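For reference, the chains in residue letters:
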Amino acid sequence: MRLVVNGEERQVGPSTTVKQLLVSLGLADTLVAVERNEEIVPRAQYEHAELHDGDRVEVVHFVGGG
Amino acid sequence: MSDDGLKIGEFEFHSRLFTGTGKYPNLETARKALEASGCDVVTVAIRRVDLTATGADSIMTVLRQGNYTILPNTAGCYTAADAIRTARLAREILDTPLIKLEVIGDEKTLFPDVPATLQAAKTLVNEGFTVLPYFNDDPVAARRLEDLGCAAVMPLAAPIGSGLGVRNPFNIEIIVQHARVPVIVDAGVGTASDAAVAMELGVSGVLMNTAIAGAKDPVRMARAMKAAVQAGRDAFLAGRIERKLYATASSPLKGVIGSDQHGRP
């Protein structure tokens, strides 16, 4: 299925979870927050939260700033 | 001399210098400068993860090495909705209620959109955030933000990154006189004397980024800022003398050689 992750299209397998997406992005151990269609997915739900075709996902983290 | 701590909401800090973590030439310089500044609180921004980058060290690696309190910001947000969304993401990342609220109203000056800032502050306070809003040096806006339940108010000294110093010390002083929450000067400081001037006005702290990160020697400037904030705080607490138009001699007038009985030459 097709997702839009941080503004870019990505193909992933059917019923991919947030956790699986983060693993595939190499972000499993990184301090991030995830939004699915502008709703935050709490960390505790990563393992079970399934993504759907067309979902818009944002993965954010802290960067240097003032 | 007692070490007067700073309390913001439920948080207590020793250092009154808050530092940003952006614009450093590299992470090692950032690490050393933050250490030299003696700061407790550091600000960070929230951005999309660059999915093309390969596991590079991030600012968080540096921050984890020190015992810093992270103050996420909503920098780059131009609407209340975006700022609220960013604040919620920050809380999800770190489980911290602290948020430096910035809603920018103009690209060139980076001056705040005060109505939007008030709107976002209201929502975030209701959601349990400890809100530290950036805003103009406007005493009325300060009161409104405080009335909404902000834990501190953060008037700018001058435009962000401008290094112009405290442009309106009188407004800052009025804000300090009326505030019941800590006043942190945020943005506009250029060099150590600017930080000292701000502290001498009685503000509770100073937040800066470019002044340190953009200096030729950021580590040395961080050290200078630490000293300036402490000096300014001490000078404020010590109570400065009044300004007078004419001189008053520091040495006794009586007994100057060759003088008459009135001390005149």
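These lines cover the structure that appears in this document, whether it is placed above or below. Every value quoted in this text rests on a predicted model; they were computed, and no experiment measured them.

What counts and what doesn't
Residues numbered from 1 in each chain as written. Chains lettered and ligands numbered in written order. Predicted model: local features only at pLDDT ≥ 70, side-chain atom pairs only at ≥ 80, totals over all residues. Heavy atoms only, no water. Contact = heavy atoms within 4.5 Å. Buried area = accessible area lost by both parts, 1.4 Å probe. Salt bridge = Lys/Arg side-chain N within 4 Å of Asp/Glu carboxyl O. Polar contact = N/O pair within 3.5 Å; in protein donor to acceptor, adjacent residues only side chain to side chain. Helix = DSSP H or I, 4+ residues; strand = E, 2+ residues; numbered from the N terminus. Nonpolar A, V, L, I, M, F, W, Y, C, P; charged D, E, K, R; others polar. Pairing = 2+ DSSP bridges. Core = buried A, V, L, I, M, F, W, Y, C linked by side-chain atoms within 4.5 Å. Buried < 20%, exposed > 50% of the residue type's maximum accessible area, 1.4 Å probe, protein only.

## Side note on the interface of chain B and chain A
The interface of chain B with chain A comprises 27 residues on the first partner and 24 residues on the second. Roughly 2,400 Å² is buried in total at the junction of chain B and chain A, and carbon and sulfur atoms are behind 63% of that figure. Here chain B is connected to chain A by three salt bridges. A salt bridge links Arg 85 of chain B to Glu 35 of chain A; the nearest nitrogen and oxygen atoms lie 2.6 Å apart. Put simply, chain B and chain A have 14 residue pairs in polar contact (both at pLDDT 80 or more) between them. Among the secondary structure elements, those contributing two or more residues to the side of chain B that touches chain A are strand S4 (41-48), helix H2 (59-65), strand S5 (69-72) and helix H3 (80-94) of chain B. A per-class count over the side of chain B that touches chain A returns 13 nonpolar, six polar and eight charged. When strand S5 (residues 56-64) of chain A meets S4 of chain B, the two strands line up antiparallel, connected through five bridges. Note that in S4 of chain B the partner of His 61 of chain A across the bridge is Arg 47 of chain B.

## Notes on the nonpolar core
Ranked by internal contacts, the top residues of the largest apolar core, which has 70 residues, are Leu 63, Val 203, Met 208 and Met 225 of chain B. Among the elements that make up this core, the one with the highest residue count is H3 of chain B (seven residues). With residues near it in sequence (within four places) discarded, Leu 63 of chain B still touches Thr 21, Leu 34, Val 42, Val 44, Tyr 68 and Ile 70 of chain B. Residues Val 12, Leu 21 and Leu 27 of chain A together with Val 49 of chain B belong to the second largest nonpolar core, which totals 17 residues.

Just distances and angles here, no functional claims.
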